[in-house]
Amino acid sequence: MFDTILFVAFPYVAVAVAVVGGLLRYFKDRFSFSSQSSEFLEKRELFWGSVPWHYGVVIILTAHLLAFLFPDAWGALVANPVRLYALEITGLALALMTIVGLVMLIVRRVQRPRINAVTTWLDWVLLVALLAQVVLGFWVALAYRWGSDWYVRTAVPWLRSLVVLQPNIQFVTALPWVVKLHMLGGFVLVALFPFTRLVHVFTVPVTYLWRPYQVVIWNRRPGPAGRRV
Ligand code: HEM
């Protein structure tokens, strides 16, 4: 019963909250779809935290997605031990990169009074949830080896069973609690999505990696002497 609540009801509720909340925010407050960048308040530390965080997390989540979408091809890829080791080592290195980057971003928000002042309680909730998720992911990868292989035999069939509305939790209920927490943590982040800065993912996210985080454009009319008023 408890497992059904966690692995059937909770994922559906999280997705429903994300879709309804996201649509409401989009139609009520479309221009709030932003990361609400603090680049203009502090730039150097932001760069050193944001770049490793974003490159790391985007690549890791792409791997999660590819294995989910193409389990057979992924299974064939990791069937070769050399490729499996290479993938796992790369995954661990990227996970470390995301953790270091995120910790730097959090420390920056704690230490810089001006950044602290523009940080809401929901920002803190999101940052803690993200940190917990990547630390748990790193823990899973380190403690339960060859996750890139067993992921396609556990998480993928469970997730696919949810997608086709025929939930089957037998693939995940016997897993260690760290793994379960990581899997459920993904859905906690899904539910948080529409209420937090995460919505900036839907604002053509990739360009964040090379363009300035924020482009400030004057839109007030010039005053009599050409000054902005
Ligand atoms: C926003 C959501 C998520 C984030 C940020 C995230 C992040 C991570 C990170 C940082 C790692 C360690 C990288 C590695 O060494 O491969 C990892 C590994 C892993 N994640 Fe996630 N994850 C998310 C969602 C999920 C979900 C929903 C599932 C399953 C349903 C999942 C299953 C796994 C597994 C099985 C591993 C171990 C892979 C390995 O050992 O190579 N993750 N995740």
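Remember, predicted model here, so these are calculated numbers, not experimental data. Residue numbers run consecutively from 1 along every chain, following the written order of its sequence. Per-residue local features of the predicted model are confined to residues with pLDDT of at least 70, and side-chain atom pairs are confined, for both listing and counting, to 80 or more; whole-chain, interface and lining totals are unaffected and use all residues. Side-chain figures throughout are based on the complete set of non-hydrogen atoms in the structure, without hydrogens or water.

Q: I'd like a description of the coordination of the iron atom of the ligand, backed by residues and values.
A: Looking at the iron atom of the ligand, one finds its protein donor set to be His64 (NE2) and His182 (NE2), positioned 1.9 to 2.1 Å from the metal centre. Coordinating donors are taken as N, O and S atoms within 2.8 Å of the metal, stretched to 3.2 Å for Na, K and Ca; because water is absent from the atoms, sites can appear incomplete. Metal sites are grouped by the angles between bound donors: all angles between 85 and 135 degrees with four donors is tetrahedral, opposite donors over 155 degrees apart with the others between 65 and 115 is square planar for four donors and octahedral for six, and any other pattern is irregular. In this structure, the iron atom of the ligand is surrounded by six donor atoms whose angles at the metal cover 86 to 179°, and the resulting shape is octahedral. Remark: His182 occurs in helix H9 (residues 177-192) and His64 occurs in helix H2 (residues 44-69); sequence separation between them is 118 residues. Each residue is placed in one exposure class: buried if its accessible area under a 1.4 Å probe, protein chains only, is under 20% of its type's maximum, exposed if it is over 50%, and partly exposed if it falls in between. Judged by relative accessible area, His64 falls into the partly exposed class, the value being 31%. Helix and strand assignments follow DSSP, with helices taken as H or I runs no shorter than four residues and strands as E runs no shorter than two, numbered in order from the N terminus.

Q: Please set out the site of the ligand residue by residue, giving values where relevant.
A: Within the structure, the ligand sits among 24 residues, and His64, Gln133, Ala141, Gly147 and His182 are positioned closest to it. In this structure, an oxygen atom belonging to the ligand sits 3.4 Å away from a main-chain N or O atom of Leu92. At the level of secondary structure, the elements contributing two or more residues to the shell around the ligand comprise H2, helix H4 (81-111), helix H6 (121-143), helix H7 (147-150), helix H8 (155-163) and H9. For the shell around the ligand, the element with the highest residue contribution is H6, accounting for six residues. Put simply, Ala, Val, Leu, Ile, Met, Phe, Trp, Tyr, Cys and Pro go in the nonpolar bin, Asp, Glu, Lys and Arg in the charged bin, and everything else, Gly too, in the polar bin. Looking at the shell around the ligand, its residues break down into 15 nonpolar, eight polar and one charged. A single heavy atom is enough: if one lies within 4 Å of a molecule or strand, its residue is considered near that molecule or strand. As used in this structure description, the phrase polar contact means that two N or O atoms lie within 3.5 Å; if the pair is within protein, one of them must be able to donate a hydrogen and the other to accept it, and residues adjacent in sequence are counted only when both atoms belong to side chains.

So far we have only geometry, and geometry alone does not tell us how the molecule works.
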